[in-house]
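If you want the building blocks of each chain, they are given just below.
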Amino acid sequence: MNKQITFIDIVKRHRGILYKVITMYCTNDDDKKDLEQEILIQIWKSLSSYNDNYAITTWLYRISMNVAISHYRKTFKKKSNTVRLDTSLLEFTPAPETSEGSYEQERLRKLLAGLNEFDKALMFLYLEDKDYEVIADILGITKTNVATKISRIKNRWKQELSSAKN
């Protein structure tokens, strides 16, 4: 089978996975493009070592999550040395009317943003309705560890949400 055709087919067929991972770890468009390029390079490099005993989606999640976590760490270290001016402080725009759904999505986004990169990946996969065994395979931890970590994060989120209401 031609490696290039396989690579293109895989990327086209599963670009949703890549998009979700990229948008979870990056907000800036330039960072998104950089991360996308790094993930695609790693997929290309790893293609010859793909083991078809695993689902292609599990393999893609594993590669994209590992690259995203590394990229996040590298970018975070670089950006932690710079202080950025929040230009939104200089502008006034009235708050738009928001629906209940968008409020909940924003709250979930903030909860995810408060996690370290590994826990963020874990909860992302959980919210994607991935089976604990699949999550364990992608992240390289045990199924029991997946269940324990998810339970702890959910309990922490419940406490945060209940203290925010008070």
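Residues numbered from 1 in each chain as written. Predicted model: local features only at pLDDT ≥ 70, side-chain atom pairs only at ≥ 80, totals over all residues. Heavy atoms only, no water.

## Some words on the overall build of the chain
Phase 1: The secondary structure content of the chain amounts to 8 helices and 0 strands.
Phase 2: When the elements of the chain are put in sequence order from the N terminus, they spell out α-α-α-α-α-α-α-α.
Phase 3: Buried residues in the chain amount to 30% of all 166 residues.
Phase 4: Residue pairs in contact within the chain that sit at least 24 positions apart in sequence constitute 68% of those at least 6 positions apart.
Phase 5: Carbon together with sulfur atoms contributes 50% to the accessible area of the chain, which is approximately 11600 Å² in total. (Helix = DSSP H or I, 4+ residues; strand = E, 2+ residues; numbered from the N terminus. Buried < 20%, exposed > 50% of the residue type's maximum accessible area, 1.4 Å probe, protein only. Contact = heavy atoms within 4.5 Å. Areas by Shrake-Rupley, 256 points an atom, 1.4 Å probe, with all protein chains shown as cover.)

## Let's talk about the packing of helix H2 (residues 15-25) against helix H3 (residues 29-46)
Phase 1: As a packed pair, H2 and H3 sit with axes 10 Å apart at the nearest point and diverge in direction by 135°. Classified by the angle their axes make, H2 and H3 are oblique. In the crossing of H2 with H3, the sense of the turn from one axis to the other is right-handed. Contact residues: Leu 18, Ile 22, Thr 23 and Tyr 25 in H2; Lys 32, Leu 35, Glu 36, Ile 39, Leu 40 and Ile 43 in H3.
Phase 2: Of the residues that constitute the contact of H2 with H3, the class distribution is 7 nonpolar, 1 polar and 2 charged. (Axes fitted to C-alpha atoms, helices over the stretch in contact; angles between N-to-C directions. Parallel < 35°, antiparallel > 145°, perpendicular 65-115°, else oblique. Left-handed = near helix turned anticlockwise from the far one by under 90°. Nonpolar A, V, L, I, M, F, W, Y, C, P; charged D, E, K, R; others polar.)

## A look at the pattern of salt bridges
Phase 1: Per the stated rule, a full pass over the model turns up 2 salt bridges.
Phase 2: Glu 128 is the partner of Lys 20 in a salt bridge, and the nearest nitrogen-oxygen pair spans 2.8 Å. Taken together, the residues Lys 20 in helix H2 and Glu 128 in the loop between helix H6 (117-127) and helix H7 (132-139) connect sequence positions 108 residues apart.
Phase 3: Accessibility expressed as a relative area gives 34% for Lys 20, which makes it partly exposed.
Phase 4: Two residues, Arg 109 and Glu 106, come together in a salt bridge whose shortest N-O distance is 2.6 Å. Residue Arg 109 and its partner Glu 106 are both found in helix H5 (residues 100-113); the two are separated by 3 residues, about one turn of the helix.
Phase 5: Classification of Glu 106 by relative accessible area gives partly exposed; the value is 31%. (Salt bridge = Lys/Arg side-chain N within 4 Å of Asp/Glu carboxyl O.)

## Structural notes on the confidence of the model for the chain
Phase 1: Looking at the chain as a whole, its pLDDT mean stands at 82, while 80% of the residues score no less than 70.
Phase 2: Averaged pLDDT values for the elements of the chain fall to 79 in H5 and rise to 92 in H3. (pLDDT = per-residue confidence, 0-100.)

## Considerations on the packing of H2 against H6
Phase 1: With their axes 11 Å apart at the nearest point, H2 and H6 run at an angle of 140° to one another. Overall, the two elements H2 and H6 adopt an arrangement that is oblique. The element H2 and its partner H6 pack so that their crossing is right-handed. For the pair H2 and H6, contact is made by Lys 20, Val 21, Met 24 and Tyr 25 and by Glu 117, Lys 120, Ala 121 and Phe 124, respectively.
Phase 2: Classifying every residue of the contact of H2 with H6 by side-chain character gives 5 nonpolar, no polar and 3 charged.

## Digging into the side chain of Ser 64
Phase 1: By the secondary structure assignment, Ser 64 is in helix H4 (residues 56-80).
Phase 2: A polar contact of 2.8 Å, which involves the side chain of Ser 64, links it to the backbone oxygen of Leu 60.
Phase 3: Excluding residues that lie within four positions of it along the chain, Ser 64 makes contacts with Ile 17, Leu 18, Val 21 and Ile 39. (Polar contact = N/O pair within 3.5 Å; in protein donor to acceptor, adjacent residues only side chain to side chain.)

## So, the nonpolar core
Phase 1: Counting residues in hydrophobic clusters, the biggest one holds 39 residues, and the most contacted among them are Tyr 25, Leu 35, Ile 43, Tyr 61, Met 65, Leu 125 and Leu 139.
Phase 2: Within the residue set of this core, elements represented by two or more residues are helix H1 (3-13), H2, H3, H4, H5, H6, H7 and helix H8 (143-165).
Phase 3: With 8 residues, H4 is the single largest residue contributor to this core. (Core = buried A, V, L, I, M, F, W, Y, C linked by side-chain atoms within 4.5 Å.)

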